[in-house]
Amino acid sequence: MAHHCPECGFVNAEGANYCQKCGAFVGTPEPPQEPVTATYRIDETGDLIPVELEDVVAHGAALVIRAGGGRVGESFPLEGERMPIGRRPDSAVFLDDVTVSRDHALIVRRGGDWHLDDLGSLNGTYVNRHRIETHRLEDGDELQVGKYKLTFLSR
């Protein structure tokens, strides 16, 4: 099957990805990857059952990775008073990507609330698409650290 160029109309040979006349893309685009947000476990009968995010946060607050690095659905329960986020392997939230600074951000408990502090990271720390220095986290906030998007969930 010949491909007509969407730009100039030139008829290209079968299997061509680019127009031989003007260079426009004529191949078939990759189907978009659907984001995976559901987490599953297998019950006694072997069926997949969705794990409710409420179960993840039953013991308190948590961060859940929504996008980035093939780690979608991974969650980090918030524990203690301070949880470093960064590319350092001993970080409580270890995000191994060059877009993340070694010491990128810190989640700190202050007076019963969780706060996110940027630690002078190169690419910045964002909450709900706004660059922050420090931010009191609220249920459902979307954090961006490098290429990773995480959601803050609390009861």
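Residues numbered from 1 in each chain as written. Predicted model: local features only at pLDDT ≥ 70, side-chain atom pairs only at ≥ 80, totals over all residues. Heavy atoms only, no water.

## A look at the side chain of serine 91
Part 1 of the argument: Considering the arrangement of structural elements, one finds serine 91 in the loop between strand 7 (82-86) and strand 8 (93-94).
Part 2 of the argument: Ignoring anything within four residues of it in the chain, the contact list for serine 91 reads Pro84, Ile85, Gly86 and Arg102. (Helix = DSSP H or I, 4+ residues; strand = E, 2+ residues; numbered from the N terminus. Contact = heavy atoms within 4.5 Å.)

## Side note on the environment of alanine 105
Part 1 of the argument: Position of alanine 105 among the secondary structure elements: in strand 9 (residues 105-110).
Part 2 of the argument: The class of alanine 105 is buried, set by a relative accessible area of 0%.
Part 3 of the argument: Setting aside anything within four residues of it in sequence, one finds alanine 105 in contact with Met83, Pro84, Ile85, Leu116, Asp117, Asp118, Leu119 and Thr125. (Buried < 20%, exposed > 50% of the residue type's maximum accessible area, 1.4 Å probe, protein only.)

## Remarks on unusual backbone geometry
Part 1 of the argument: Positive phi, close to 50 degrees, is recorded for asparagine 128, a residue that is not glycine.
Part 2 of the argument: Here asparagine 128 is to be found in the loop between strand 11 (125-127) and strand 12 (130-132).
Part 3 of the argument: Overall, the relative accessible area of 35% leaves asparagine 128 in the partly exposed class.

## What to know about the side chain of aspartate 118
Part 1 of the argument: Note that aspartate 118 resides in strand 10 (residues 113-118).
Part 2 of the argument: At 2.6 Å, the side chain of aspartate 118 forms a polar contact with the side chain of serine 121.
Part 3 of the argument: A distance of 2.5 Å separates polar atoms of two side chains, one belonging to aspartate 118 and the other to threonine 125.
Part 4 of the argument: Setting aside residues no more than four positions away along its own chain, aspartate 118 makes contact with His104, Ala105, Gly124, Thr125, Ile132 and Glu133. (Polar contact = N/O pair within 3.5 Å; in protein donor to acceptor, adjacent residues only side chain to side chain.)

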